[in-house]
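Commentary on secondary and tertiary structure
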Amino acid sequence: MQGRDPPAARRMAQDVGQGSPAPCCMDPMLRRTEFPFSMGHGSRALWDRDILPRGVGIRHSTGPWCSCCAPMCPTEILPHSPGHRSPLNDFQRLRATELLAVSVEPPPPLPAQGTAEQCAQRCAASLACRAFHYDRQSQLCQLLPWTQHSPRIQLQKNIHYDLYQKKDYLQDCIMGDGSSYRGTRATTEKGLRCQHWQATTPHDHRFLPSPRNGLEENYCRNPDRDKRGPWCYTVDPNVRHQSCGIKKCEDAVCMTCNGEDYRGTVDHTESGTECQRWDLQHPHKHPYHPNKYPDKGLDDNYCRNPDSSERPWCYTTDPGREREYCRIRVCKKRPRPVNVTNGCFRGKGEGYRGRVNVTVSGIPCQRWDSQVPHKHHFVPEKYPCKDLQENYCRNPDGSEAPWCFTSRPTVRIAFCFHIRRCPDEQEAQECYYDHGKHYHGHVSKTRKGITCQPWAAQTPHVPQISPATHPEAHLEENYCRNPDNDSHGPWCYTMDPRTPFDYCAIKPCSGSAVPSIMENADAVAFEQCGQRDERLQQKGRIVGGQPGNSPWTVSIRNRAGVHFCGGSLVKEQWVISTRQCFSSCDADLTGYEVQLGTLFKDPGPGDPDQQTLPIVRIVCGPSESQLVMLKLARPAALTKRVALICLPPERYVVPEGTACEIAGWGETRGTCHGQPLLGTMLCLRALSARSLAGGKPEVPAMGSPCWGIPYSIQPQCHSIPLRTASLAPSPWHSSSTSPCNDILLSLPFPAHSIPCPCHSPVALHT
């Protein structure tokens, strides 16, 4: 024998006398209590005492005597499941994929009804099941006795299926001591080929394969829970056994910079808590759904860094602990920055290294190494790859353009949209409409960064879809396409032999084509929104305004039918409003509704243009946007009194002096003691004058003419949903408690170069 002494169980298997022990004795899945036994060399060994994983309970049961080990085969594993752990955590998901068996007998069982989690439970409970197909539309699942690594099994694209495979059979790294490892490594760390577990030559042994212990073929395994991890007997007569040197998952893949590109398979936090799946919303609700962030690698429940934190993290399965960092090895070499520019920026400007240090509105930037006036976590020493020097505009978090914290206390962050795009970036951004069936762009890498395989090539994958089978699909070069109209968007076969295909990091187009920020803003035209019948405009006694002709303005009403807030119709079934109108993002809006098409806040029962629609869902925008989207029970009918408001394109900058309009319900100053509407600039001038005179910047009080308009409007209009003043005795009361019946008002005001980088309207909500 060569190398270290074998562990106790292995040595026992060698030294014990002839005879066939009960199968339970050699089943490593059955944990045994301490039982000393004598070894041939006078040593002493203990069965696996105190090596149970945390959370695994033991129930002793009677059983046959074992001639070779303990007096009884004692135990049955009781998996401990925290209240919010999903059975899907044990599986790795491949979208739009099925496993195709080539001449494999017997066939898998017929599909059964159930949710994906129910299917995972069934598969986990079956020793024969290693994967399952899940048909999302019919909610049928088919349990499978093989994985993509099984012989005579092929991965095949199928847009109707999702494939879930047990992680233990796919990963080429280990967790803990690797006793659950079921991979296909079959050579030792010194390169020796492993002996089949069924074979007894050149080395005799007693580790007999069973359905439970996973001793298949000649794959590396750890049936005796060796601390050094999986091992095997070798085919070299002079080397009985040897470790396979399989790395721990936290060391198998290292991370660079802050780990934004980390795509390893660590699924526990640094405290040992299991991660929550990204595609689930329990136990913690979160915004990082894989469909919304296809380029962030939010696979299964693996640690990732989608928000530019200091390092990869995850939400946990512990209801009392929302998220934690993960322990991942840092790569020794720092990667070279890509798309480095100085006088312009490419893409999102993450490689911009110029020295612009003022915002688009002329506000000086705050130094990155300072916490005044704004505290933040983008400390230069924690983000060494982001070049956070001085107070220069940078993009450390993957926003839409370079930005900075500002030196003005009332304006936290602002984009530096005045930095020009590089000339080669002037073309329209890559995006797709619908499912991307007609996408003909030139993206040729997947969301995981894998280069696409040319559509006409036959290696490393033999394609089902090719230019010959789909001549009309524009399958050119290795560009991402969607010839089968996959609902997940454009995809391609990949050059990675282990990844047959993957989806591309191309986002859906939103609205009309996105103009370059270098284009003339006056050329932006809105044809399908913002249209109204100008003949409906009327004159009236309104200070600085006129009776409203804003057919996109809606009245939001509570269960009592009382108007309490306003909004704007952005799609036939969606209204945009402000978050401060609602108690939370999970508010129960049963019985709430919106009214559209009325001139008066409390219209008469015979108003022919009125439409009343229930609210069925609330969706909050990004944390700093203060916007909410309200889904209606059914689409509104577009009429002369009901129309859609326009949303500015991404990165659109409203030119100074543009004629804008705000609208809301107010009093006509003829019958009540309300206050007149003031334009934004008038409010800002008044508030600025107070500040310059030595007063503190103030937030206007509810009921004042400038209520809702801050001391200094931020350069991101999405952070400031504009609101009107309280014109009637209170905007929260209906006409039943007031002699007024507020009328829809419109007020023109000049824009002051307010950039709108997100999809948000410069609209008024009351």
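For clarity, every value in this text was computed on a predicted model and none was experimentally measured.

A look at the overall build of the chain
Helix and strand content of the chain: four helices and 30 strands. With 766 residues in all, the chain has 48% of them scored as buried. Restricting the contact set of the chain to residue pairs at least 6 apart, pairs at least 24 apart contribute 66%. For the chain, the accessible area works out to roughly 37000 Å², and carbon and sulfur atoms hold 51% of it.

Focus: unusual backbone geometry
The step from Thr201 to Pro202 runs through a cis peptide bond, and the omega angle for that step is 0°. The omega torsion of the bond from Thr459 to Pro460 falls at 0°, within 30 degrees of zero and hence cis. Mapped onto the elements of the fold, Pro460 is located in the loop between strand E16 (431-432) and strand E17 (491-493). Of note in this structure, Ala96 is not a glycine but carries a positive phi near 50°. Residue placement: Ala96 occurs in strand E5 (residues 91-101). The backbone of Glu390 shows a phi angle near 45°, a positive value even though the residue is not glycine. Overall, the relative accessible area of 37% leaves Glu390 in the partly exposed class.

Brief notes about the pairing of strand E9 (residues 153-166)
Here E5 runs beside E9; their pairing, made up of 10 bridges, is antiparallel. Counterpart to Ala101 in the pairing with E9 is Ile153. Pairing of strand E7 (residues 131-135) with E9 involves five bridges; the strand directions are antiparallel. Across the sheet, Asp135 pairs through a bridge with Tyr161, a residue of E9.

Structural notes on helix H2 (residues 116-125)
Every α-helix winds through 3.6 residues per turn, so residues three or four apart in the chain are directed the same way. All of the buried residues along H2 are Ala116, Cys119, Ala120 and Cys123. Along the axis of H2, the buried residues cluster in a sector spanning 100°; they form a single face.

A few points about the packing of aromatic side chains
Each aromatic ring pair is summarised here by two numbers: the centre-to-centre distance and the angle between the ring planes. Inspection of the entire model under this criterion finds 24 aromatic pairs. Their ring planes at 80° and their centres at 5.8 Å tell us that Phe501 and Tyr503 sit as a pair that is edge-to-face. The buried category is assigned to Tyr503, whose relative accessible area is 4%. With 5.9 Å between their ring centres and 85° between their planes, Phe564 and Phe582 make a pair best called edge-to-face. Of this pair, Phe564 sits in strand E22 (residues 563-571) while Phe582 sits in the loop between strand E23 (574-578) and strand E24 (593-596), placing them 18 residues apart in sequence.

Examining the sheet that holds E5
A sheet is described by the order of its strands in space; here five strands give the open sequence E5-E9-E7-E8-E6, paired in antiparallel fashion. In this open sheet, the two edge strands, each paired with only one partner strand, are E5 and strand E6 (112-113). Relative to strand E8 (residues 140-144), E7 runs antiparallel, the two sharing five bridges. By the bridge assignment for E8, Asp135 is matched with Leu140. Each of E5, E6, E7, E8 and E9 touches H2; the most contacted strand, E7, lies at about 160° to it.

A short note on the sheet that holds E24
Spatially, E21-E22-E23-E26-E25-E24 is the arrangement adopted by the six strands of the closed barrel, whose pairing is antiparallel. Averaged over all pairs of adjacent strands, the angle between their axes in this sheet comes to 40°, without regard to strand direction. As defined by bridge partners, E23 adjoins strand E26 (residues 627-632) across five bridges and the pair is classed as antiparallel. Across the sheet, the residue bridging to Ile576 is Met629, located in E26.

Structural notes on the pattern of salt bridges
Throughout the structure, instances matching the rule amount to 28 salt bridges. One salt bridge in this structure joins Asp177 and Arg225, with 3.5 Å as the shortest N-O distance. Of this pair, Asp177 sits in the loop between E9 and strand E10 (231-233) while Arg225 sits in the loop between E9 and E10, and the two are 48 residues apart along the sequence. Each member of the pair, Asp177 as well as Arg225, is classed as buried.

Let's talk about the nonpolar core
The biggest cluster of nonpolar side chains holds 24 residues, and the ones touching the most others in it are Ile556, Leu569, Phe582, Leu589, Leu596, Ile615 and Leu630. Looking at this core, the elements that each hand over two or more residues are strand E21 (553-557), E22, E24, strand E25 (611-620) and E26. With near-sequence residues (within four places) excluded, Phe582 lies in contact with Ile556, Phe564, Ser577, Leu589, Ile618, Val628 and Leu630.

Concerning the side chain of Asp502
With respect to the element layout, Asp502 can be found in strand E18 (residues 501-503). Among the residues examined, Asp502 registers a relative accessible area of 3% and is labelled buried. In terms of polar contacts, Asp502 uses its side chain to reach the side chain of Thr446, at 3.0 Å.

Focus on the state of the cysteines
All chains considered together, the criterion is met by 15 disulfides. Two residues share a disulfide in this structure: Cys123 and Cys129, whose sulfurs sit 2.0 Å from each other. In this structure, the disulfide formed by Cys123 and Cys129 twists by about -95° around the S-S bond and is classed as left-handed. Under the relative-accessibility criterion, Cys123 is labelled buried at 0%. Across the disulfide, Cys344 is cross-linked to Cys422 (sulfur-sulfur distance 2.0 Å). Taking the torsion about the sulfur-sulfur bond, which here is approximately 90°, the covalent link between Cys344 and Cys422 counts as right-handed. Taken together, the residues span a long stretch of sequence, with Cys344 in the loop between strand E13 (323-325) and strand E14 (403-405) and Cys422 in the loop between strand E15 (413-415) and E16 at a distance of 78 residues.

So, the confidence of the model for the chain
In the predicted model, the chain carries a mean pLDDT of 74, and 67% of its residues have values of at least 70. Confidence drops under a pLDDT of 50 for residues 511-525, and excluding neighbours within four residues, the segment shows 22 contacts in the predicted structure. Segment residues 686-741: pLDDT under 50, and 143 contacts once partners within four positions in sequence are set aside and those in other chains are kept.

Description of the environment of His563
Turning to its location among the elements, His563 is positioned in strand E22. Separated by 31 residues in the primary sequence, His563 and Val594 place their C-alpha atoms 8.8 Å from one another. Looking at His563, its side chain comes within polar contact range of the side chain of Ser555, at 2.7 Å.

A closer look at the environment of Arg95
Structurally, Arg95 is set in strand E5. Arg95 sits 66 residues away from Tyr161 along the chain, and the two C-alpha atoms are 7.0 Å apart. There is a polar contact of 2.7 Å between the side chain of Arg95 and the side chain of Asn291.

Focus on the environment of Ser243
One can find Ser243 in strand E11 (residues 241-243). Here the alpha-carbon distance between Ser243 and Lys190, two residues 53 residues apart in the chain, equals 8.5 Å. When neighbours within four sequence positions are excluded, Ser243 is seen to be in contact with Thr188, Glu189, Arg228, Pro230 and Trp231. Here Gly245 takes part through its backbone nitrogen, which lies 3.3 Å from a polar atom of the side chain of Ser243.

What counts as what
Residues numbered from 1 in each chain as written. Predicted model: local features only at pLDDT ≥ 70, side-chain atom pairs only at ≥ 80, totals over all residues. Heavy atoms only, no water. Helix = DSSP H or I, 4+ residues; strand = E, 2+ residues; numbered from the N terminus. Buried < 20%, exposed > 50% of the residue type's maximum accessible area, 1.4 Å probe, protein only. Contact = heavy atoms within 4.5 Å. Areas by Shrake-Rupley, 256 points an atom, 1.4 Å probe, with all protein chains shown as cover. Pairing = 2+ DSSP bridges. Arc of directions from axis to C-beta. Phe/Tyr/Trp six-rings, centres within 6.5 Å; stacked < 30°, edge-to-face > 60°. Axes fitted to C-alpha atoms, helices over the stretch in contact; angles between N-to-C directions. Salt bridge = Lys/Arg side-chain N within 4 Å of Asp/Glu carboxyl O. Core = buried A, V, L, I, M, F, W, Y, C linked by side-chain atoms within 4.5 Å. Polar contact = N/O pair within 3.5 Å; in protein donor to acceptor, adjacent residues only side chain to side chain. Disulfide = S-S within 2.5 Å. pLDDT = per-residue confidence, 0-100.

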